[in-house]
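# Observations on chain architecture
Spelled out from the first residue to the last, the chains are:
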Amino acid sequence: MVLAMAALAGLVQAGDSGSKITTLNQLIEHYDSSRCQECHAEIYAQWQSSHHAESLMGINDFSFMSKYLRQGPLSVKRPEEATLANFSCAKCHLPQLLATNDQVAKQLAAVIWNDDKQTLRRLNIGCLVCHQGKAVVHQRPGRGLIYGRQDREDHEGSFQNIRRSAFMNTPAFCGQCHGLGPNFEFTPPIQCATLYGSYLHGYVATGGARTCNDCHMPGQNHSFPPNFNNRADTTVRLRAALPLEVEVLPYTFQPDHKKLQPMVVVGVTIRNRAGHRIPDG
Ligand code: HEC
Ligand code: HEC
Ligand code: HEC
Ligand code: HEC
Ligand code: HEC
């Protein structure tokens, strides 16, 4: 029994380097990326311009959970009724939430209900989500450790020890959230991103040899474009990603000696240079 409880306590702590989080404020403080900002200013600015920094919002600050909490299978009548079960979307949009408890879920539901965007913006896929919880597989992240490209014992931030994670440089690292298909572990099952499935079955299976990071993190850049709020940049990127070739041959067809029928042959070839289908979903 004592052993079982110890195992349970371990579960509650999964991914949050040991502290037990019981309020939404604690969750925000613990995962606050601004504590990495002073020394990693450039990476911080890149990250902040990415969709990862606003993972509970769609385009133009649209709070998408607002609709899902009010209508349909994930909805509640009042925020106080919400539990973690109403937040299956957090599996990928806010994974740190799922290691907390129903009290935090109720507080988050109230924030969404009241359209408190200032607080919503502080709930995101920050440095520790990727460099801790998501950086290891088959085990929990070590207490007080962060993960990166090499071992270090002399890291200056609040985490002195960095461990190498080879996993972070693999497509499966991104695939944890970028989706294989329906998530059948939930009742009801939900589906959002399926891009990692497309990468495996439509790109690697046909000879593609680049990783997500090869294409999306040149020079360890953390801005992960496209940012759909920047329409001009997204258009330029999509034009380059999907080159379009058009061939046109006009001619006249003469089905009998009195009729002349104008005809045109149009050939359109759209190539996809990405490592997966576009758009996703
Ligand atoms: C398997 C992981 C996963 C789950 C579960 C998931 N999402 Fe997503 N979602 C993503 C990823 C990754 C993206 C962005 C990339 C993409 O669409 O390819 C995304 C994008 C979105 C977007 C568009 C955001 C934008 O900036 O354009 C919305 C809205 C959204 N999800 C809502 C939801 C809702 C609501 C749920 C729960 C019903 C949910 N998602 C569940 C992974 C997931
Ligand atoms: C979406 C996941 C993700 C987020 C969020 C994220 N990182 Fe990273 N980070 C990575 C990956 C992947 C690598 C490359 C790992 C590799 O190549 O092995 C990396 C590499 C790094 C490196 C090494 C750079 C180098 O040149 O050696 C630093 C430093 C770093 N990140 C800091 C941060 C900080 C600070 C934040 C928050 C502002 C952050 N990261 C947020 C995924 C992330
Ligand atoms: C007081 C300054 C300071 C703070 C605060 C700080 N770091 Fe660092 N970090 C450094 C320095 C210096 C390096 C080494 C940079 C180099 O080698 O180019 C580093 C390196 C790293 C690396 C790269 C390890 C590798 O080689 O792959 C990661 C990952 C990292 N930091 C993550 C973080 C995260 C996440 C935070 C916030 C929780 C953070 N750091 C806060 C100073 C800091
Ligand atoms: C913890 C889950 C998680 C991890 C790990 C993760 N992502 Fe994301 N990513 C998301 C979510 C969720 C969004 C959409 C956020 C929103 O706008 O609501 C997103 C957005 C993006 C976008 C912007 C385009 C879009 O559709 O919003 C790109 C590009 C991207 N991710 C690439 C990557 C790559 C490459 C990796 C691996 C190095 C990675 N991500 C790791 C969850 C994740
Ligand atoms: C061969 C290069 C390449 C590889 C490999 C690749 N991508 Fe992409 N990806 C692109 C290009 C090109 C785009 C188009 C937009 C752009 O250029 O920013 C794109 C777009 C995206 C988008 C936005 C999708 C949308 O709905 O518009 C996401 C999210 C993304 N990639 C994530 C990933 C993840 C995760 C992986 C690995 C599983 C990956 N990519 C592998 C090149 C690549």
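Residues numbered from 1 in each chain as written. Chains lettered and ligands numbered in written order. Predicted model: local features only at pLDDT ≥ 70, side-chain atom pairs only at ≥ 80, totals over all residues.

### Thoughts on the nonpolar core
- Counting residues in hydrophobic clusters, the biggest one holds 33 residues, and the most contacted among them are Leu 97, Val 104 and Leu 108.
- Sorting the residues of this core by element identifies helix H2 (24–30), helix H3 (41–48), helix H4 (65–70), helix H6 (102–113), helix H8 (127–131) and strand E1 (145–148) as the ones contributing at least two each.
- When residues in this core are grouped by element, the largest group, six residues, is from H6.
- If near-sequence neighbours (up to four positions away) are discounted, Val 104 is found in contact with Ile 21, Thr 22, Thr 23, Leu 24, Leu 27 and Leu 97. (Core = buried A, V, L, I, M, F, W, Y, C linked by C-beta atoms within 7 Å. Buried ≥ 20, exposed ≤ 12 C-beta atoms within 10 Å, placed from the backbone. Helix = DSSP H or I, 4+ residues; strand = E, 2+ residues; numbered from the N terminus. Contact = placed C-beta atoms within 7 Å.)

### Some remarks on the site of ligand 1
- Surveying the vicinity of ligand 1 reveals 21 residues, the closest of which are Cys 89, Cys 92, Cys 192, Ala 193 and Asp 280.
- Taken together, the elements giving at least two residues each to the shell around ligand 1 come down to helix H5 (90–93) and helix H9 (171–178).
- Broken down by class, the residue content of the shell around ligand 1 amounts to 11 nonpolar, eight polar and two charged. (Near = placed C-beta within 6 Å. Nonpolar A, V, L, I, M, F, W, Y, C, P; charged D, E, K, R; others polar.)

### Re the site of ligand 3
- The full set close to ligand 3 counts 18 residues, and Cys 36, Cys 39, Gly 148, Arg 149 and Gly 157 are the nearest of them.
- For the shell around ligand 3, the elements supplying multiple residues, two or more each, are H8 and E1.
- With three residues, the single largest contributor to the shell around ligand 3 is H8.

### Structural notes on the pairing of strand E4 (residues 261–270)
- Little of E4 is tucked away, with zero of its 10 residues classed as buried.
- In terms of strand pairing, strand E3 (residues 244–253) meets E4 through 10 bridges, oriented antiparallel. Each residue of the ladder has a partner; that of Leu 244, found in E4, is Ile 270. (Pairing = 2+ DSSP bridges.)

### Thoughts on the environment of Gln 48
- Turning to its location among the elements, Gln 48 is positioned in helix H3.
- The spatial distance from the C-alpha of Gln 48 to the C-alpha of His 222 is 8.7 Å, given a sequence separation of 174 residues.

### Digging into the domain arrangement of the protein
- Taken domain by domain, the protein consists of domain 1 (2–176) and domain 2 (177–210 + 230–281).
- Looking at the side of domain 1 that touches domain 2, the elements with two or more residues in it are H5 and H9.
- For the side of domain 1 that touches domain 2, the element with the highest residue contribution is H9, accounting for four residues.
- Split by residue class, the side of domain 1 that touches domain 2 holds five nonpolar, three polar and one charged. (Domains from an automatic or database assignment.)

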